[in-house]
Amino acid sequence: MTTFNELGIRQDIVRALTELGFESPMPVQEKVIPLLLGTKTDIVALAQTGTGKTAAYGLPLIQQADTNIANPQALILCPTRELCVQITGDLNDFAKYTDDIKVLPVYGGSSMDIQIKALRRGVQIVVATPGRLIDLIGRKAVKLSQVKSIVLDEADEMLNMGFLDSINEILAEVPKDRNTLLFSATMPSEVAVIARNYMHNPAEITIGSKNAGAENIKHLYFTVHAKDKYIALKRIVDYYPSIYGIVFCRTRMDTQEIADKLIHDGYNAESLHGDLSQGQRDLVMQKFRIRHVKLLVATDVAARGIDVDDLTHIINYNLPDDIQAYTHRSGRTGRAGKAGTSIAIINTKEKHLIKQIEKKINKQFIPSKVPGGREICEKQLFNMINKMENVEIEHAEIDPFLPTIYRKLEWLEKEDIIKRFVALEFNRFLEYYRNAKDINVSEEKGRDKTGADRASRRDEPGFVPLFINVGKVDGLYPATLIELINANTHGKRVRIGNIELSKKSAIFEIEAEAAAGLIAELKDLDFRDIPLVVDYAKENSSAERSSERDFGGGKKFKSGKPFKGGGDFKGGKDFKGGKEFPGGSKYKGKKDFSGGKDFAGGKDFGKSKKKKTRKP
Ligand code: AMP
């Protein structure tokens, strides 16, 4: 086994690496380090995130930096602020025992003056996003005449983000005799053009096969109708109780909407996209890193440079417009040798995209079925039992109560006690999934012109569609609607079918027997000061935006607590600590329909009816 010493890395740096737990070089490091420490060679390296590329170029740059020179000698360009900060952090870790070396991150969205002052004080390595560096060059605040090495990290991403002109401008500013290193997860033709134009006989290094997805990533796809995508997402998340991953959406709006829905439905989720302020993004990332948030719903741009190694799943809620981006998304899991799963939730029209991606990554997707209620409940049940087996018992806290508890339970057999504890938490899942329908679409069915598989419960005997005059802009979401219905059926369990939400109204299906009673109950209520109008929906009426339909599935909060999906079903520390949702300030703050009571507080909605204050 080669060591860092044998590759020529200096002792002060090896000491820092040992502390970081880097026992031996990773393949990309074995290939790149000797080239950089030896004769100056340009390098094009095809390497995914997670392969150890930062140390591959970073260690030689640190070793070769001359701290007697106060101007930058190495320049690293990367696509995002997050990656910029991450690379700087890594380099500083590697240089922990290297005297006087300064590494400066330079990125947009933070004070230019502070960066200019730091540049004046002297730095040897600059890590920059192209836009901000161009600004600094324009102000003559950065001197690039002594740059000996330039690294283009995640080159394909920088081009995707439209930085080509900036990169060209920067490359024109640095001395011609520098050496250029280009790292990219994929090699689209635009990246090849940069290599051709700016590099001299570059050494080509490929870690893994060209443009291939990492070996340890499993790729699955699930086919459902577009309207069922959100339900599919929830079921998939429920099926993997230990999930810790990123849900990718195409637009900022989709991202926020899906995150809001998940939070609303009790999942440990947060959104990350460009409409958030830098402060908000940092906070979300911090919560995600320490696993207080289990699901990050993100756009491609926002997720770049996320430095979390142990993600279990990537979920493509929408496939990316650009197929290359799929490699980047899926490369966020299966890092540092761990196994990962990349999931695509597609509708029947998107099957061809799967084929295109398969070609690109040179790997087959496994067609998979969205799990049904039974499978999910089974998974959750055994997860709960495992957690129970592994729970740490705080003897000092619990022991004083035990004698009383033992006495109280004396009359029960051991088997009976187990059954009751299991039922206590498990009933919620059972209840939630009791009427869950199969939302899988077979590829055959998807092409069925008759649309037979598209039928909702309207075609089932016993269900009728009702109209309600409030919608999303009024704060009505499927979960709120279900709550509203359940709170007004006098404790009777009523089956709910499809819910079609539009901006200002909704159509929902309900079992016919309960319809008249519910209409009568709701007509006396206000929803956030809007007097409710509920009636039988006319034939052919539909909420305006059918893509936002959702499914109710007879969800109920029997115990008075909101249903909690995802990883922390039971025994999660957040739950134990009395807080339902760690990232839930948004959630908790949401007022419910019953005149301002807190949804997360599990209040009884039925009792908080408010009489009409004005006529519709
Ligand atoms: P990167 O591709 O540079 O983002 O690195 C991926 C992960 O691998 C990071 O968490 C690094 O800290 C880690 N890493 C890099 N090189 C080594 C090494 N030689 N041994 C162990 N871990 C490493």
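Preceding block: the structure.
The structure contained in this document is the topic of the report that follows. (Residues numbered from 1 in each chain as written. Predicted model: local features only at pLDDT ≥ 70, side-chain atom pairs only at ≥ 80, totals over all residues. Heavy atoms only, no water.)

**Section: helix 3 (residues 27-37)**
For helix 3, every residue scored as buried is listed here: V28, Q29, V32, I33 and L36. Buried residues of helix 3, viewed axially, fall in a sector of 105 degrees; they line one side. Each element contacted by the buried residues of helix 3 is listed here: helix 1 (4-7), strand 1 (43-46), helix 4 (53-64), strand 6 (179-184) and strand 7 (203-206). (Buried < 20%, exposed > 50% of the residue type's maximum accessible area, 1.4 Å probe, protein only. Helix = DSSP H or I, 4+ residues; strand = E, 2+ residues; numbered from the N terminus. Arc of directions from axis to C-beta. Contact = heavy atoms within 4.5 Å.)

**Some thoughts on the sheet that holds strand 3 (residues 103-106)**
Judged by pairing direction, the sheet is parallel, and its seven strands sit side by side in the order 3-4-2-5-6-1-7 without closing on themselves. Two strands lie at the open edges of the sheet, namely strand 3 and strand 7, each paired on one side alone. Between one strand axis and the next, the sheet turns by 15 degrees as a mean value, whatever way the strands run. As judged from the four bridges shared by strand 1 and strand 7, these two strands associate in the parallel manner. Bridging across to strand 7, L46 finds its partner in T206. (Pairing = 2+ DSSP bridges. Axes fitted to C-alpha atoms, helices over the stretch in contact; angles between N-to-C directions.)

**Let's talk about helix 10 (residues 189-198)**
Regarding helix 10, the residues found buried are V191, I194, A195 and Y198. For helix 10, the buried positions fall inside an angular range of 100 degrees around the axis, keeping them on one side. In helix 10, the exposed positions angled more than 90 degrees off the buried face are occupied by S189, R196 and N197. Where helix 10 is buried, its residues touch strand 1, strand 5 (149-152), helix 8 (155-160), helix 9 (164-173) and strand 6.

**Description of the pattern of salt bridges**
The tally for this structure, following the rule as stated, stands at 15 salt bridges. Of the charged contacts, one joins E82 and R281 as a salt bridge, the two residues approaching to 3.2 Å between their closest N and O atoms. Of the two residues, E82 sits in helix 5 (residues 81-94) while R281 sits in helix 13 (residues 278-289), which places them 199 residues apart along the sequence. Under the relative-accessibility criterion, E82 is labelled buried at 10%. (Salt bridge = Lys/Arg side-chain N within 4 Å of Asp/Glu carboxyl O.)

**Here we look at the nonpolar core**
Counting residues in hydrophobic clusters, the biggest one holds 39 residues, and the most contacted among them are Y57, L59, I76, L91 and I125. A total of six residues in this core trace back to one element, the largest contributor, which is helix 4. Ignoring any residue separated from it by four or fewer positions in sequence, one finds L91 in contact with T54, G58, I62, I76, V103, I125 and V127. Listed in part, the 36 residues of the second largest apolar core include V44, L77, F163 and V191. (Core = buried A, V, L, I, M, F, W, Y, C linked by side-chain atoms within 4.5 Å.)

**Notes on the site of the ligand**
Inspection of the region around the ligand gives 13 residues, with S24, Q29, G52, T54 and D309 positioned closest. The separation between a nitrogen atom of the ligand and a polar main-chain atom of S24 is 2.9 Å. In this structure, Q29 approaches the ligand through a side-chain N or O atom, which is 2.7 Å from a nitrogen atom. Within the shell around the ligand, the residues separate by chemical class into four nonpolar, six polar and three charged. (Near = heavy atom within 4 Å. Polar contact = N/O pair within 3.5 Å; in protein donor to acceptor, adjacent residues only side chain to side chain. Nonpolar A, V, L, I, M, F, W, Y, C, P; charged D, E, K, R; others polar.)

**A word on the packing of aromatic side chains**
Within this structure, the stated rule accounts for seven aromatic pairs. With a centroid separation of 5.2 Å and an interplanar angle of 55 degrees, the aromatic rings of Y57 and F183 are classed as tilted. Here F183 lies in strand 6 and Y57 lies in helix 4, a separation of 126 residues in the sequence. Across this residue pair, the class does not change: Y57 and F183 are buried. Of note, R15 hangs over the ring of Y97, and the distance from its end group to the ring centre comes to 3.6 Å. (Phe/Tyr/Trp six-rings, centres within 6.5 Å; stacked < 30°, edge-to-face > 60°. Lys NZ or Arg CZ within 6 Å of the ring centre and 35° of its normal.)

Interpretation in functional terms is not warranted from these geometric data alone.
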